[in-house]
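These are the residues of each chain, in order.
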Amino acid sequence: MPPVDLPPPSTTTLPANANLNYGGDAAGLICGYLLGANAAPREIDSAQAAQWLAGLQAGGTAPQGQFLWLHFNLSHAQAVRWMERHADLPEAFFDALKDRSVSTRIERDDDTLIAVLNDAHFDFAFEPSDIATLWTSVAPHLMVTGRTRPLRSVDALRTAVRSGNAPCSSVALLAELMRTQASGLVDIVRGVTQRIDDVEDALLAGRLDHKRARLGVLRRLLVRLQRLLAPEPAALFRLLQHPPAWMSADDAQELRDSTEEFSVVLRDMQGLQERIKLLQEEIAASVQEANSRSLFVLTVVTVLALPINILAGLFGMNVGGVPLADDPQGFWIIVAVVVAFTAVAGWLALRDARDR
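Here the structure is a predicted model, which means the values were calculated and not measured.

### A few points about the pattern of salt bridges
(1) Moving on: One pass over the structure, following the stated rule, counts seven salt bridges.
(2) Moving on: When the shortest N-O distance is used, the salt bridge between Asp 99 and Arg 105 registers 3.4 Å.
(3) Moving on: Judged by relative accessible area, which is 36%, Asp 99 ranks as partly exposed.
(4) Moving on: On the basis of relative accessibility, which here comes to 16%, the residue Arg 105 falls in the buried class.

As structure tokens, this is what we get:
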């Protein structure tokens, strides 16, 4: 079979509203690269990719083991249509795009790997909502990725490929994507750890203020990441038990290594969740203790004011026979009685506090 040649770059003039494509071309292609073991990465557009894939589907062979990586913006109306028309992807990939479940999974559909991965937004701000999904299809000569929001890992992988550090196979590119994702998670774990350290220092210094609320946000972030990403290593291990025939032993080992790195990061995230939980319990105990002190002070004040309130109420009644009404020393006698009762009430209240 004749090799598939890459057509020359398109010289079509972009329309005036090209900025409406949100960083991609008219087909929603954000970036496309022709990669191979013995060739430098070459950036291509959707028209070149369509002609290259058409030649491959017509019975040609990719020269020197070359393969395509196409990354699409799924928010673009033409992206899915272009993939259906030109990429010859399995139906399972398009079913995954329509599926509302975004939990991480990697499945095998005949000779194609279908992966649903989750990653942090490009402008990640340590909020639970800053997580989005990446849909991936991996075949011997084609890797397709699609997302609706810019993602950190894909951007880092794109930068690496553009600089010439490109894997030599589609599976190796998937493994590199997962390693980049693990590196991004390490950065997130470091950022969360720094924020937890700040809250812990504020707790020890007795000045929590508004930082207490951040612990809940960080814990929700870690819980969501754990829930979305925890199935990824297990899914890869199941896949590696029965890999496609075209996957080499080296590619399988790269996937296995990336899975181990991912598992370490997930364990670190679980440890951070436990640490946040302990801090929240300690803060709750501190708040409870502060509330108890405030309630005790209020109780003591109420007890100390009780005798004078009772006597004032009794002697303030407009009835006859009020004691000491005609005694010139009556006021001081009542003051002495109030002081005595107040001293006894204060002693009883403080004694109960010491007993606790």
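Structure's up, so let's keep going.
### Here's the deal with the nonpolar core
(1) Moving on: Of all hydrophobic cores here, the largest spans 30 residues; its most connected members are Trp 69, Ile 106, Leu 173, Leu 177 and Leu 255.
(2) Moving on: For this core, the element with the highest residue contribution is helix α5 (residues 170-205), accounting for six residues.
(3) Moving on: What Trp 69 contacts, discounting residues up to four positions off in sequence, is Cys 31, Gly 32, Tyr 33, Leu 35, Met 143, Thr 145, Val 154, Leu 157, Arg 158, Val 161 and Leu 173.

### Observations regarding helix α4 (residues 152-162)
(1) Moving on: Turning to α4, its buried residues are Ser 153, Val 154, Leu 157 and Val 161. The buried residues of α4 occupy one face: seen down the axis, they fall within an arc of 95°.
(2) Moving on: The elements touched by buried residues of α4 are β1 (29-36), β2 (39-43), β3 (67-73), β5 (112-120), β6 (131-139) and α5.
(3) Moving on: One or two steps after α4, the chain reaches Gly 164, where phi turns positive at roughly 105°.

### Notes on the side chain of Asp 119
(1) Moving on: If you trace the backbone, Asp 119 turns up in strand β5.
(2) Moving on: It turns out Asp 119 is buried and unbridged, and the closest side chain with the opposite charge, Arg 152, is 7.3 Å from it.
(3) Moving on: A polar contact is formed between the side chain of Asp 119 and the side chain of Ser 153, at a distance of 2.7 Å.
(4) Moving on: Residues within four places of Asp 119 in sequence aside, it is in contact with Asp 130, Ile 131, Ala 132, Leu 151, Arg 152, Ser 153, Val 154 and Gln 181.

### Quick word on the sheet that holds β2
(1) Moving on: Across the sheet, seven strands lie side by side as β2-β1-β3-β7-β6-β5-β4; this open sheet has mixed pairing. Unpaired on one side and paired on the other, β2 and β4 (105-109) mark the two borders of the sheet. Taken over all neighbouring pairs, the strand axes of this sheet differ in orientation by 15° on average, direction set aside.
(2) Moving on: Both β1 and β3 contribute to a ladder of six bridges, which runs antiparallel. By the bridge assignment, Leu 34 is partnered in β3 with Leu 68.
(3) Moving on: Contacts from helix α2 (residues 79-87) reach β3 and β7 (142-147) within the one sheet, and its direction differs from that of β3 by about 155°.

### Quick notes on the packing of aromatic side chains
(1) Moving on: Taken as a whole and judged by the stated rule, the model has three aromatic pairs.
(2) Moving on: Each ring, one from Tyr 33 and one from Trp 69, has its centre 6.0 Å from the other, and the planes form 25°; the classification is stacked. Note that Tyr 33 is positioned in strand β1 and Trp 69 in strand β3, a separation of 36 residues in sequence.
(3) Moving on: Look at Phe 93 and Phe 94: their rings are 5.6 Å apart centre to centre, the planes differ by 80°, and that puts the pair in the edge-to-face class. Like Phe 94, Phe 93 is buried.

### Focus: the environment of Leu 218
(1) Moving on: Note on placement: Leu 218 falls in helix α6 (residues 212-229).
(2) Moving on: A relative accessible area of 0% means that Leu 218 is categorised as buried.
(3) Moving on: For the pair formed by Leu 218 and Val 192, sequence separation is 26 residues and the distance between their alpha carbons is 6.9 Å.
(4) Moving on: With sequence-adjacent residues up to four places away left out, Leu 218 is seen in contact with Val 192, Arg 195, Ile 196 and Ile 276.

### Here we look at the packing of helix α7 (residues 231-241) against helix α8 (residues 249-315)
(1) Moving on: At a minimum axis separation of 9 Å, α7 and α8 run at an interaxial angle of 160°. With respect to each other, α7 and α8 are oriented roughly antiparallel. The element α7 and its partner α8 pack so that their crossing is left-handed. Contacts from Glu 232, Pro 233, Leu 236, Phe 237 and Leu 240 of α7 reach α8 at Ala 252, Leu 255, Arg 256, Ser 258, Thr 259, Phe 262, Ser 263 and Leu 266.

Reading the values: the criteria
Residues numbered from 1 in each chain as written. Predicted model: local features only at pLDDT ≥ 70, side-chain atom pairs only at ≥ 80, totals over all residues. Heavy atoms only, no water. Salt bridge = Lys/Arg side-chain N within 4 Å of Asp/Glu carboxyl O. Buried < 20%, exposed > 50% of the residue type's maximum accessible area, 1.4 Å probe, protein only. Core = buried A, V, L, I, M, F, W, Y, C linked by side-chain atoms within 4.5 Å. Helix = DSSP H or I, 4+ residues; strand = E, 2+ residues; numbered from the N terminus. Contact = heavy atoms within 4.5 Å. Arc of directions from axis to C-beta. Lys, Arg positive; Asp, Glu negative; His and termini not counted. Polar contact = N/O pair within 3.5 Å; in protein donor to acceptor, adjacent residues only side chain to side chain. Pairing = 2+ DSSP bridges. Axes fitted to C-alpha atoms, helices over the stretch in contact; angles between N-to-C directions. Phe/Tyr/Trp six-rings, centres within 6.5 Å; stacked < 30°, edge-to-face > 60°. Parallel < 35°, antiparallel > 145°, perpendicular 65-115°, else oblique. Left-handed = near helix turned anticlockwise from the far one by under 90°.

What is shown is where atoms sit, not what they do.
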